[in-house]
Amino acid sequence: MRRCLIALLGALLLLAAPARAQEKKVLKFGWAQDPQTLSVFLDYDEEDFRVWAINYDLLVNFSPDNLGPAPGIAESWDVSDDKKTVTFHLIKGAKWSDGEPITSKDVKFSLDVLGGNGALFTGYTDNVTSVTTPDAETVVVKTKKPDARIVGGLFLYIIPEHIWGKQSVKSLTTTYKPQMPMVGSGPYVATEFKRNRIIRMEPNPNFRGPKPKFDELQWIKYGSDDAVERALTLGEIDFITEVQPPSFERLGKTKGIKTVKAASPSFTELAFNLCSKEHCPDAKFNPAIQDKTVRQAIAFAVDRDRINEISTRNTAFTGHGILPNFYKDFYAEPEGDLDYPYDPDRAREMLDAAGWKPGDGGIRQKGDQKLSFNLYVRSESQENTQDARLVKEMAAEIGVEFKVQVVSVDKLTELTTQKTDGKPAPDFDTFIWGWGGDPYDPSTLLQLITTSQIGGSSDSFYSNPEYDRLFDEQAGEYDIEKRKPIVKRLVEISQEDLPYLVLTVDPYLQAYRTDALSGVELSCPKPNGDVYCEQVSYAPWATLGPPQPGEEGALSSSSSDDDGGSNGLLFVVIALAAVIVVLLIVLFLRRRRDDDALEV
Amino acid sequence: MNRVLESKRGRFSLAVIALFVFIAIFGSLLAPYDPYASSTDVLAPPSRDHLLGTTEVGSDVLSQLLVGARVSIVVGFAAAVISAVLGAAVGLIGGYFGGLTDKTFDAFENWFLVIPQLPLMVVLARLLNPSLGVLILVIGLTSWAGTGRIVRSQVLTLKERAFVERARALGASDWHIIRRHILPNALPLIFANTVLIVAVAILAEAGLSFLGLGDPSNISWGTMIENGFSAGAPSAGAWWYLIPPGLCITVLVFAIGLLGYVWEQHINPRLQEVGE
Amino acid sequence: MSARWLAGKVLAAFLTLIFVLVFNFFLFRVMGDPTAQLARLPRATPEEIQQLRANYGLDKPLLGQFADYVGDTATLDLGISQRTRRPVWDEIGDALPWTLLLVGTGTLLATVIGTWLGIVAATRRASRTDDSLLGFSLFTYAAPEYWIGLILILLFAVAIPLFPAGLQMTPGEEFDSWIAQALDVAQHLVLPATALMLALLGQYFVIMRSSMVDVLTEDFITVKKATGLPWPKVVRRHAVRNALLPLVTLSAIYFGFVMGGIITIETIFSWPGLGLLEYDAITSKDFPMLQGAFLVFSASVILLNLLADCLYFVLDPRVQDA
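Residues numbered from 1 in each chain as written. Chains lettered and ligands numbered in written order. Predicted model: local features only at pLDDT ≥ 70, side-chain atom pairs only at ≥ 80, totals over all residues.

Novice: Can you walk me through the overall build of chain C in this structure?
Specialist: Within chain C, the regular secondary structure consists of twelve helices and zero strands. Ordered by position from the N terminus, the helices and strands of chain C form the series α-α-α-α-α-α-α-α-α-α-α-α. Counting the 322 residues in chain C, one finds 42% classified as buried. Here the contacts in chain C between residues at least 6 apart in sequence split such that 72% fall between residues at least 24 apart. (Helix = DSSP H or I, 4+ residues; strand = E, 2+ residues; numbered from the N terminus. Buried ≥ 20, exposed ≤ 12 C-beta atoms within 10 Å, placed from the backbone. Contact = placed C-beta atoms within 7 Å.)

As structure tokens, this is what we get:
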């Protein structure tokens, strides 16, 4: 009986060991979260963008050099003199991956329907009054007032009308899932999507650009981030798109793996409650926080470099104002004092001069006001919590007390967005949170502190008519040279008044195997962008390719998979057999012993 | 209590529990570092500086372990007290007065006993945003049924005893009888059961914290395991981060369980009638 | 007589289920404000919220909403998951087989080993073996099941890479045959099933031991004196079968405990079953999913209890006199 069992197991083992030959050039990405449906109307995760950015074009693409406007579905455009009409001339003779022609009908559909209903894509066409298509190769967009986003920031993928247009809007916004292959115009299109398992992308036969060098891109789902990292070190995958900060250094030191730290349009800030009585009659806060001198002193007392070093273990970048350096064209690093270099002595002097004298426990006060503030932070973010504790430590040095309150994100949302009688009534002094902007247009971040966003996305409730005026001006300015100085002025004003003290700029952290990828040129923006312009452009796929001959290491490493697989299997079999054998022996022996009577 | 102290197992379990209570009270004084202080020494194995190594943000594991005892013990005991009071009240009132009250209580008890405990606690904790108080409330409110049932059956037996009849004959009010005659006799049973509920509550708090429903501003053993797991400690082989908190939970619950067992065996021989 | 008893149990189960429905409905409607959960996008205007309310039927009176809820549940429409945008029932349907596989394997192992150990301990009552086994069972009860899982991972997946540390299949791999796939799954099943088995072992062992002790105490002396049968025959033929009875019913009762353990074990091993679904729902505050999963958890425990009662009825008619 036992012999039969072992023979059977042996036969199964033979059947189970698959031999695999890989001739296809495959690049394997690993991630711990994957998209839910890949529908541009439904999904709202970062992961989707990584696939969409390769699958689709925008009307105007982002250039990999500086993220500025580059030809997309539109190869050129004219802005009218009153800046309220933009005429796009579409590329001629282009086809979708399924052979259908790309026409102005697709653009109109995308701008109208996706721009009106997509979870992540509403808002871009807020100012658009009409989209007309005089012919198959022209699209005319008219706006209420000049809106520079129409050329530099219309982050709306152009999707095929002949596929998506067949569904009702209700279906698109509730249950419709895209069919595979996902028809698109980028270098690769998704051909298989098994949720929680794998996404496959294959070259688009009708792609109008240079033929991409890989035969297949795979996005493989793992159970956790550290499983992904282990898979990279073992060679099971070739690329990690989101390396966790604690592992970044370790991976960088691993042989055969290269890590990349690139700037992104996101930051972490310390926000102050600046709501005026007019806007928020029922807000609750310590009035001392609205004293500009106090905020500026705090800014001098907070060593942002050190926060970056400890909180993010140097995987992020020190913050310099509300516009991260990702915005290459518009980035204006604040100069001199406006950058608030670390200077606690200066901070103490400022507070002394303004009459804030240290009182009980070293906390400064003036009259009946004390420099003691609450500092809310989300429990979901270890980094933010760390930032809060560091800020508290540093502020204590100059006599400012922060009482750190770790709360859930729901609670923090409540505190910052609650309303009384329809008017905002925020209940906080300060908090730490983050924001992310769009790739090119600085308005997405600059608008966070405009008066019009009070009651919307403004959580500092800052209101400055001068700022608002300049903001509107640059938002409608299509000429970059004219726009830059206005943006610079806006950053200066925000640094002067400090509704936000931007602590760190978030990074894109990537890692890849050097034996799996060649042709790497960091871009988006050059020279310190990331490896494949994640979420923003498909341009790098023209040069990214398999390793050159001679570097042929384990390209897709299915061999190590097999070894791992059959090794483990062998152990299972042996372990099971051992257990069975032991059980049989024990039972046999016990039978002998039990024949003797036992006392109870 | 003397009999418990006489037994070796009893002494051992009481000593362990006392040790943990001591740590719970003095943990923050004993901790060598601030448990929340981070450093650049991330996921480092045990060393002279850090006897139990460091966490994924460089905090000292030993300090977190010592301070985390407080949450586990406070929640465990508080929830058990609530559960005991609630269960005893329901058991006493239902058992004594009988009738519709008893039938209603019985139905509730049945329901709470059938419904899977952790899923129920999870749902309640998620709906009320997690905090120390919520944890205590949620665990207390879902664990009373066992006590309730036991107390009720004890009350039913006591109700028929001679001294109760005599008291009634003398004109004593119902509440007087409950307070003076029934409750004291039911107390040993309630205590014995509560000891076990403490164990259950500590495990429940750890489980809820592990699932992310613990108090966000306090470290507990459960949150330590959760943080370790989310930070990839298993793959990094960071056993010093994962094993100690779980071990503390195990040892404490083991000691409490052992105490309960000893108590039952030695203190209350009558309990053995009720069946194992 | 006996049929009435069974009918009573069925009725009780049905009523409990109804009560779960009522509780579930009111809990989520009253304690969780649906509009806050529905208006996920930060910039939802009041009109959009109004529209959402109408879509979900939230502008009806409470009783009307409850009627809707019952009707929907009867047709297995448990709403749409906020996290994945797929119907809750579909997600549960996908996850259920994996949980059944894990629970089945784990409880089977725990039953077999627990029974065996129970017999060993009962026949050696108050000996050192018995004491150590009791101690061991208390230890596995006291040890959090997710901690046990982590230790298994540290030992058998990281230190000695024998088994995978998570998931149910090797990521990204293609399988040539269903046998290959089954073996891959089996390999991934070993650690989580072992963790579950260890978590349950303590209780199953104690139950088996105590019922065996009861049976042996009352029957052994009588039978042995009367018939002079050899000891092992007595154990095997008579005692084990009688002792198995409580094990059956108590397994069903402990199913509630299994449901709890499943959540944490599947989380540790990223096993795509009902437990991981629950965990994801917790972290993403996906209330429709939480509501649906809670219903399924409760219903399965109720049904299993009923099943156990039926089994008891079939196996031992003596019970209804109790």
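The rest of the description comes next.
Novice: Sorry, what's going on with the interface of chain B and chain C here?
Specialist: By a widespread convention, an interface's size corresponds to the accessible area lost as its parts come together. Taken residue by residue, the interface counts 35 residues in chain B and 39 residues in chain C. Elements supplying a minimum of two residues to the side of chain B that touches chain C: α4 (99-114), α5 (117-127), α9 (174-210), α10 (221-230), α11 (233-236) and α12 (239-267) of chain B. Of the residues forming the side of chain B that touches chain C, the biggest block, ten residues, is contributed by α12 of chain B.

Novice: Help me understand the pairing of strand β24 (residues 500-513) of chain A in this model?
Specialist: Across a regular strand the side chains alternate sides, sitting on one face of the sheet and then on the other. Residues and elements named next belong to chain A. Taken across its 14 residues, β24 has 14 buried, putting it largely inside the fold. Bridge count between strand β13 (residues 239-240) and β24: two bridges; the pairing is antiparallel. Bridge assignment links Phe239 to a residue of β24, and that residue is Tyr512. Note that strand β14 (residues 257-272) and β24 share twelve bridges and pair antiparallel. Bridged to Lys258 within β24 is Tyr512. Note that strand β15 (residues 317-318) and β24 share two bridges and pair antiparallel. In the strand pairing of β24, Phe317 is matched with Val505. (Pairing = 2+ DSSP bridges.)

Novice: Where do I start with the sheet that holds strand β17 (residues 364-366) of chain A in this structure?
Specialist: Two pairing modes exist for strands in a sheet, parallel and antiparallel, and in both the strands are linked by backbone hydrogen bonds. Residue and element names in this part refer to chain A. One open sheet holds the three strands; their spatial order is β16-β17-β18, and the pairing between them is antiparallel. Single-partner strands in this sheet number two, and they are β16 (357-358) and β18 (369-370). The pairing of β16 with β17 spans two bridges and is antiparallel. For Lys357, the partnering residue across the bridge sits in β17 and is Gln365.

Novice: Mind showing me how you'd approach the packing of helix α15 (residues 465-475) of chain A against helix α16 (residues 480-497) of chain A here?
Specialist: Two packed helices can be described by the angle between their axes and the distance between those axes. Residue and element names in this part refer to chain A. Closest axis-to-axis distance for the α15/α16 pair is 9 Å, and the angle between their directions is 155°. By the angle between their directions, the pair α15 and α16 is classed as roughly antiparallel. The two elements α15 and α16 meet at a crossing, and its hand is left-handed. Within the contact between the two elements, α15 uses Glu466, Tyr467, Leu470, Phe471, Glu473 and Gln474 and α16 uses Arg483, Ile486, Val487, Arg489, Leu490 and Ile493. (Axes fitted to C-alpha atoms, helices over the stretch in contact; angles between N-to-C directions. Parallel < 35°, antiparallel > 145°, perpendicular 65-115°, else oblique. Left-handed = near helix turned anticlockwise from the far one by under 90°.)

Novice: Explain the sheet that holds strand β6 (residues 85-90) of chain A to me, please; I cannot follow it from the model alone.
Specialist: Residues and elements named next belong to chain A. Read across the sheet, four strands follow the order β5-β6-β8-β7 without closing on themselves; strand pairing throughout is antiparallel. The strands lining the two open edges of the sheet, one partner per strand, are β5 (74-79) and β7 (128-135). Ignoring strand direction, the axes of neighbouring strands in this sheet form an average angle of 20°. Across five bridges, the pairing between β6 and strand β8 (residues 138-143) is antiparallel. Residue Val86 lies in a different strand from β8, and its bridge partner there is Val141. The sheet contacts of helix α3 (residues 104-117) involve β6, β7 and β8, and relative to β7 the element is tilted by about 170°.

Novice: Before we go on, may I ask you to explain the interface of chain B and chain A in this structure?
Specialist: Each partner contributes residues to the interface: chain B has 14 residues there, and chain A has 19 residues. The class makeup of the residues in the side of chain B that touches chain A is seven nonpolar, six polar and one charged. (Nonpolar A, V, L, I, M, F, W, Y, C, P; charged D, E, K, R; others polar.)

Novice: For this particular structure, what's the right way to read the packing of helix α2 (residues 8-30) of chain B against helix α3 (residues 61-97) of chain B?
Specialist: Residues and elements named next belong to chain B. With their axes 7 Å apart at the nearest point, α2 and α3 run at an angle of 135° to one another. Overall, the two elements α2 and α3 adopt an arrangement that is oblique. Two packed elements cross with a definite hand, and for α2 against α3 that hand is left-handed. Within the contact between the two elements, α2 uses Phe20, Val21, Ile23, Ala24, Gly27, Ser28 and Leu30 and α3 uses Leu66, Val67, Ala69, Arg70 and Ile73. When its residues are assigned to classes, the contact of α2 with α3 shows nine nonpolar, two polar and one charged.

Novice: Just to check I follow, could you spell out the confidence of the model for chain C for this structure?
Specialist: When pLDDT drops low, the exact placement of atoms in the prediction is not to be read closely. All names here are of chain C. Per-residue confidence for chain C gives a mean pLDDT of 78; residues scoring 70 or more make up 76%. Here helix α2 (residues 34-38) stands out as the element of chain C with the lowest mean pLDDT, 52, in contrast to helix α11 (residues 274-283), whose mean of 91 is the highest. Within the model, the stretch residues 39-44 combines pLDDT values under 50 with nine contacts to residues more than four positions away or in other chains. (pLDDT = per-residue confidence, 0-100.)

Novice: Hey, could you run me through unusual backbone geometry in this one?
Specialist: The phi angle of most residues is negative, glycine excepted, and most peptide bonds adopt the trans form. Residues and elements named next belong to chain A. For the peptide bond that leads from Cys524 to Pro525, omega is -10°, which places it in the cis range. Secondary-structure assignment places Pro525 in the loop between β24 and α17 (558-594). In this structure, the amide linkage connecting Lys526 to the following residue, Pro527, adopts the cis form with an omega of 0°. For Pro527, the position within the fold is in the loop between β24 and α17. In this model, Asp421 sits at a positive phi of 55°, which is unusual for a non-glycine residue.

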